[in-house]
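Structural overview for review
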Amino acid sequence: MPDRIVVIGAGPVGIRFAEELLPLVAEGRATVTVLGAETADPYNRVLIAELAVGEATAAELTLATASALPGVDLRLGARVMRIDRDAQTVELADGSAIGYDRLVFATGARSIIPALDGLETLGPDGTGLDTRLTAGVCVLRDLSDAEKVRAVVESGGRVVVLGAGVLGIELAMLLADAGAIPSVAHFGPMPMPRQLDRGAASILSTALASAGVTLVPHTRAEGVIGVEGDDGIRRFRALASSDGKRIEGDLLVLSCGVRARTELAEAAGLRVGNGVLVDASLRSWSDPRIHAIGDCAHVADPAEFLHERQVPGGPAGLVGPGWRQASWLATAIAAELESADEHPGEYTDEHPGVVVLKGELVDIASAGDVSADPFAPVPAGEVAPGVAVWADPEHGTYVKMATRDGILTGFVAVGMPRAAAELSVLYLRGGELPADRSLLLRLDDPDADAVAPAGRDATLCICNAVTVGQIEDAIDDGCSSVAAVGDCTRAGTGCGGCRARITELLHAHAGAIA
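Residues numbered from 1 in each chain as written. Predicted model: local features only at pLDDT ≥ 70, side-chain atom pairs only at ≥ 80, totals over all residues. Heavy atoms only, no water.

1. Quick look at the pairing of strand β26 (residues 397-404)
This is how it is decided: Between buried and exposed lies partly exposed: a residue is buried under 20% and exposed over 50% of the maximum accessible area for its type, with that area taken using a 1.4 Å probe on protein chains only. Secondary structure counts use DSSP, requiring at least four H or I residues in a row for a helix and at least two E residues in a row for a strand, with both numbered from the N terminus. Strand pairing is defined by DSSP finding a minimum of two bridges between the two strands.
Across the eight residues of β26, seven count as buried, placing the element largely inside the fold. Of the pairings in the sheet, the one linking strand β25 (residues 386-392) to β26 comprises seven bridges and is antiparallel in character. Within the sheet, the bridge partner assigned to Trp390 lies in β26 and is Val399. Connecting β25 to the antiparallel partner β26 that follows it, the hairpin turn spans four residues, and Gly396 within it adopts a positive phi of roughly 70°. Relative to strand β27 (residues 407-414), β26 runs antiparallel, the two sharing seven bridges. Across the sheet, Arg404 pairs through a bridge with Ile407, a residue of β27. Between the end of β26 and the start of β27, which pair antiparallel, lie two residues, with Asp405 showing a positive phi angle near 55°.

2. With respect to helix α11 (residues 417-429)
Spelled out, the test is: Multiply 1.5 Å by the residue count of a helix minus one, and that product is the helix's expected span.
For α11, built from 13 residues, the straight-helix expectation of 18 Å at 1.5 Å per residue is met to within 8% by its first-to-last C-alpha distance of 18 Å. The buried fraction of α11 is high, at 12 of 13 residues. Those residues of α11 not exposed but buried are Pro417, Arg418, Ala419, Ala420, Ala421, Glu422, Leu423, Ser424, Val425, Leu426, Tyr427 and Leu428. Gly430, located one to two residues past α11, shows a positive phi value of around 65°.

3. Some thoughts on the pairing of strand β13 (residues 181-185)
Here is the rule we go by: A clockwise course of the path from the first strand over the helix to the second, judged with the strands pointing away from the viewer, identifies a crossover as right-handed.
Within β13, four of the five residues are buried, which leaves it mostly tucked inside the rest of the structure. Pairing geometry for strand β12 (residues 158-162) and β13, over five bridges, is parallel. Within the sheet, the bridge partner assigned to Arg158 lies in β13 and is Ile181. With helix α6 (residues 166-178) bridging β12 and the parallel β13, this β-α-β connection has right-handed handedness. Taken together, the three bridges between β13 and strand β14 (residues 214-216) define a ladder with parallel strand orientation.

4. What to know about the sheet that holds strand β6 (residues 97-99)
The condition that has to hold: Only the stretch in contact is used when fitting a helix axis, every axis being a line fitted to C-alpha atoms; angles between N-to-C directions are given from 0 to 180 degrees.
Taken together, three strands build an open sheet; the order of strands is β4-β5-β6 and the sheet is antiparallel. With partners counted over all chains shown, the strands left at the sheet margins are β4 (80-84) and β6, one partner each. Along the sheet, successive strands turn relative to each other by an average axial angle of 20°, direction set aside. Here β4 runs beside strand β5 (residues 89-92); their pairing, made up of four bridges, is antiparallel. Within β5, the position partnered with Val80 by the bridge is Leu92.

5. Digging into the packing of helix α1 (residues 12-20) against helix α10 (residues 319-338)
Heads up, the rule is: Any angle that is under 35 degrees is reported as roughly parallel, and any over 145 degrees as roughly antiparallel; angles of 65 to 115 degrees are reported as roughly perpendicular and all others as oblique. By convention the crossing between two helices is left-handed if the near helix lies anticlockwise of the far one by an angle smaller than a right angle, and right-handed if it lies clockwise. By definition, residues are in contact when any of their heavy atoms lie within 4.5 Å. We call Asp, Glu, Lys and Arg charged. Ala, Val, Leu, Ile, Met, Phe, Trp, Tyr, Cys and Pro are nonpolar, and the rest, Gly among them, are polar.
Following both chains from N to C, one finds α1 and α10 inclined at 30°, their axes separated by 9 Å at the closest point. Put simply, α1 runs roughly parallel to α10. Note that α1 runs across α10; the crossing there is right-handed. Across the interface between the two elements, Pro12, Val13, Arg16, Phe17 and Glu20 of α1 pack against Val319, Gly322, Trp323, Ala326, Ser327, Leu329, Ala330 and Ile333 of α10. Residues of the contact of α1 with α10, tallied by class, amount to nine nonpolar, two polar and two charged.

In structure tokens:
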């Protein structure tokens, strides 16, 4: 009998997992059912902001259709209500039930809705998974949210973004470029505080101001001011802060972080932390027949933390690690079904997170801890990290590198895309910086010949772990656009942060044969 595998979630990670299982389906060794609560074909939620401002089409975001997953039972508009672990069934909202031998959670994360005076909850949305909010307020997580933003963009309206993390800043840059009038309200003194130090944040703030993005720091948001229209519907008009600030707009986008969707797992009696708790085999602590991958998976060692109330860590929050988990788990399941001697062992992510800020306005890449101050006093007995800094605020460039014994442990690069690409490669490899750090700065010289970091073996697309060599080979084989390279290698189909580098390789190839 084939192994019955049921996947809850038809987002990027759930669909990638199903794709990796296609050989097992074709061989008749497994049946795969994917359950998605939304009725639209599965799409890449990572690029939803680009769709909202008109820089991407719905077709470009589509991940797969039923015809692209031969043999997979892809059910859209299928909301899961309950999991019966004893009967090994998944019960749906329409009253039907699906049996499973293995159940995989790929439910992702939901946006955090802050408690604001005047912010109404108006019942469940079309999927039944999230809540409709006061008219003119959204979170930009799905296609309906994108439509709301698009309507304001097309009219050149004012958009207030609450939250200055990566997603909030990316959205603000896209909005400004599309002709809208964005304001970003945030609690702290600087944008992207988890990724940037003060110097990098200063360069970014200047670039945002030049592009027409208004930053409103030190804003403790307290309430939503609404106005009732002639149709009787109350709509957003302004965000109010505790110090009396009133930030007016036609739309409020909440970008206040996300939280793993764990309600189904909790109701089924599974142990959860900051996500569904799974071990190094991506297997639930509570039930060996159940797995979790992506933004709902909290990987931790039960031998170490089983009796702890608070388990450290949590989901990575990036699509790349989720895709790698999907591929690893599919390989592990195939090995188990074959009773093969070669098993992938334990899941470990060898690609620590590099955050790339997408946008035409400014290039930013950051990874690791960049908080070290090169001039701070060092307590007795401690060894300070090595820190090298280059700053040219007039031209909008900044680089900071932190090392331990020469090994790169953190960096941030603003306005220097080639240096950022090289630093990303060194960080992912755990590599040493050159003794002459200024060599990295010369990469962004307009007359420099280098367009690709560290040779053909360097990872260019971090989300999909695609190397420079693989992209060059695809171009040599006839791929003449970023989209074609993506179809061939998957590069550029994740967060989109590597598309500019792929474009450079395409131009270099065209120049070489001209």
